[in-house]
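Architecture and fold: a report
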Amino acid sequence: RQEQGTTTIYNTAMLNKLNSGQYYFSIAPDGISNFFEDNYVITLMEQVIHGVNGRAWLMKLFGMKYYIGKGENIPYGYEPLEPETVYSNGEQIYEDASPLPLVYTYDSYIPLETYEQLKGEQRQEAMLQGVVLKESSLPLCQTEFTSREASYEVVKEKGLTLLEDEKFQVERKGAGCVLEIQGDALSELYLAFDNLQYHGWELEKSSVFESDDVDQASVKVEILDEGNTGSDVITLRSYKNDFLDNRGNYMANLGYHETPVKRIKITFNQPGEYSFASRRVV
């Protein structure tokens, strides 16, 4: 089960002896953190895991048969559970029409070295085709990918100052830019960042009302088109934050759309310096 997160109380699934994609433990196995980093999954902290951002490919891998949320960002392949019930907060239960079981087998494998050379969006596709192992006597998997990078152009900027290549200063809360993209119909849409980092204002640059801006920031990504909706939020921490986990790869999921998306807006909710190695629309 995965939830969008509007009313989640962490660990309720465990306390009620239910299966869920969310949990909140003081110590999490490093394999989970590495998996989320490899696949650019957005998490608040390493020990606070709340689903897989509604990404249909990863949800299939984890056998997430049910999804609780609102109609704006329902993953591909999920239909309202019958009898259809909408709760007071607007949420309802959705069911995957063709879920994988919690345990399944593979008849081919992908060498770990090959897997590590793939991009984040390709890894989730690859793992639905072959098991990832250092070596195996299984046949090599002949992977095929449906994802592609879409071309885009920055058509509007406000409140941003370019410091150097892929590094810029956000001068005020709410600054951002708009990307005009060449999207595809019948597809999930992602905005991916490689090594996205936040460097908050130094103390002498912050007012007494901006102390929280020093060590934590959020980046909102949303669709601007009429008729298409979808948004996601990436939470970042600077080196001054005690919960910094040294992550930098994130992929905002803007949902599945039947018609091509044309415009994406990126909003920086805290001032400071931001940098990234690369940015791509998928």
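Definitions and cut-offs
- Residues numbered from 1 in each chain as written.
- Predicted model: local features only at pLDDT ≥ 70, side-chain atom pairs only at ≥ 80, totals over all residues.
- Heavy atoms only, no water.
- Pairing = 2+ DSSP bridges.
- Helix = DSSP H or I, 4+ residues; strand = E, 2+ residues; numbered from the N terminus.
- Axes fitted to C-alpha atoms, helices over the stretch in contact; angles between N-to-C directions.
- Core = buried A, V, L, I, M, F, W, Y, C linked by side-chain atoms within 4.5 Å.
- Buried < 20%, exposed > 50% of the residue type's maximum accessible area, 1.4 Å probe, protein only.
- Contact = heavy atoms within 4.5 Å.
- Phe/Tyr/Trp six-rings, centres within 6.5 Å; stacked < 30°, edge-to-face > 60°.
- Lys NZ or Arg CZ within 6 Å of the ring centre and 35° of its normal.
- Salt bridge = Lys/Arg side-chain N within 4 Å of Asp/Glu carboxyl O.
- pLDDT = per-residue confidence, 0-100.

1. Things to note about the sheet that holds strand E18 (residues 263-268)
Two modes of strand pairing occur in sheets, parallel and antiparallel, and in both the strands are linked by backbone hydrogen bonds. Pairing is antiparallel across the open sheet formed by 5 strands, whose spatial order is E9-E12-E18-E15-E16. Each edge of the open sheet is held by one strand with a lone partner, namely strand E9 (152-158) and strand E16 (231-237). Between one strand and the next, the sheet's axes are offset by a mean angle of 20°, whatever the strand orientation. Pairing of E9 with strand E12 (residues 175-181), which is carried by 6 bridges, proceeds in the antiparallel orientation. Residue Tyr152 lies in a different strand from E12, and its bridge partner there is Ile181.

2. Examining the nonpolar core
Ranked by size, the top nonpolar core spans 30 residues in total, and within it Ile234 and Tyr274 carry the most contacts. Among the elements of the structure, strand E11 (167-170), E12, strand E13 (187-194), strand E15 (216-223), E16, strand E17 (250-257) and E18 are those that each provide at least two residues to this core. Setting aside anything within four residues of it in sequence, one finds Ile234 in contact with Ile42, Phe193, Leu196, Ala217, Ser218, Val219, Tyr250 and Ala252. Ranked by size, the runner-up nonpolar core spans 19 residues in total, among them Met64, Ile74, Tyr78 and Met127.

3. Here's the deal with the sheet that holds strand E14 (residues 197-199)
With respect to topology, 4 strands assemble into an open sheet ordered E10-E11-E19-E14, the strand pairing being antiparallel. Edge positions in the sheet fall to strand E10 (160-164) and E14, since each has one partner strand and no second. Recorded for the sheet is a direction-independent mean angle of 25° between the axes of neighbouring strands. Across 4 bridges, the pairing between E10 and E11 is antiparallel. Within E11, the position partnered with Thr161 by the bridge is Gln169.

4. Topic: the packing of aromatic side chains
According to the stated counting rule, one finds 11 aromatic pairs in the structure shown. A ring pair is formed by Tyr76 and Tyr256, whose centres lie 4.7 Å apart and whose planes are at 50°; its orientation type is tilted. Taken together, the residues span a long stretch of sequence, with Tyr76 in the loop between strand E4 (66-69) and strand E5 (78-80) and Tyr256 in strand E17 at a distance of 180 residues. Note on Tyr256: relative accessible area 24%, which makes it partly exposed. Taken together, Phe168, Phe193, Tyr198, Phe268, Tyr274 and Phe276 form an aromatic cluster joined through their ring pairs. When the ring centre of Tyr190 is taken as origin, the NZ or CZ atom of Arg55, which lies over that ring, is 5.3 Å away. Above the ring of Tyr115, the side-chain terminus of Arg123 is found at 5.3 Å from the ring centroid.

5. Some points on the pairing of E13
The buried fraction of E13 amounts to 7 of the 8 residues, a majority that puts the element mostly inside the structure. As paired elements, E13 and E17 share 6 bridges and run antiparallel to each other. Directly across from Ala192, in E17, lies its bridge partner Met251. Pairing of E13 with strand E20 (residues 278-281), which is carried by 4 bridges, proceeds in the antiparallel orientation. Considered in E20, the bridge of Leu191 is made with Val281.

6. With respect to the pattern of salt bridges
Evaluation of the coordinates by the stated rule reveals 11 salt bridges. Of the charged contacts, one joins Glu149 and Lys119 as a salt bridge, the two residues approaching to 2.3 Å between their closest N and O atoms. On the criterion of sequence distance, the pair formed by Glu149 in the loop between strand E8 (131-133) and E9 and Lys119 in the loop between helix H4 (112-116) and helix H5 (120-126) is long-range, its members being 30 residues apart. A relative accessible area of 41% means that Glu149 is categorised as partly exposed. A relative accessible area of 37% places Lys119 in the partly exposed class. The salt bridge partner of Glu121 is Arg280, with a shortest N-O separation of 2.8 Å. Note that Glu121 is positioned in helix H5 and Arg280 in strand E20, a separation of 159 residues in sequence. As far as burial versus exposure is concerned, Glu121 and Arg280 are alike and both buried. Within this structure, Glu121, Asp194 and Arg280 form a network of salt bridges that share partners.

7. Some thoughts on the confidence of the model for the protein
Scored by pLDDT, the protein has a mean of 86; 90% of the residues are at 70 or more. At the low end of the mean pLDDT range in the protein sits strand E1 (residues 2-3), at 52; at the high end sits strand E7 (residues 109-111), at 98.

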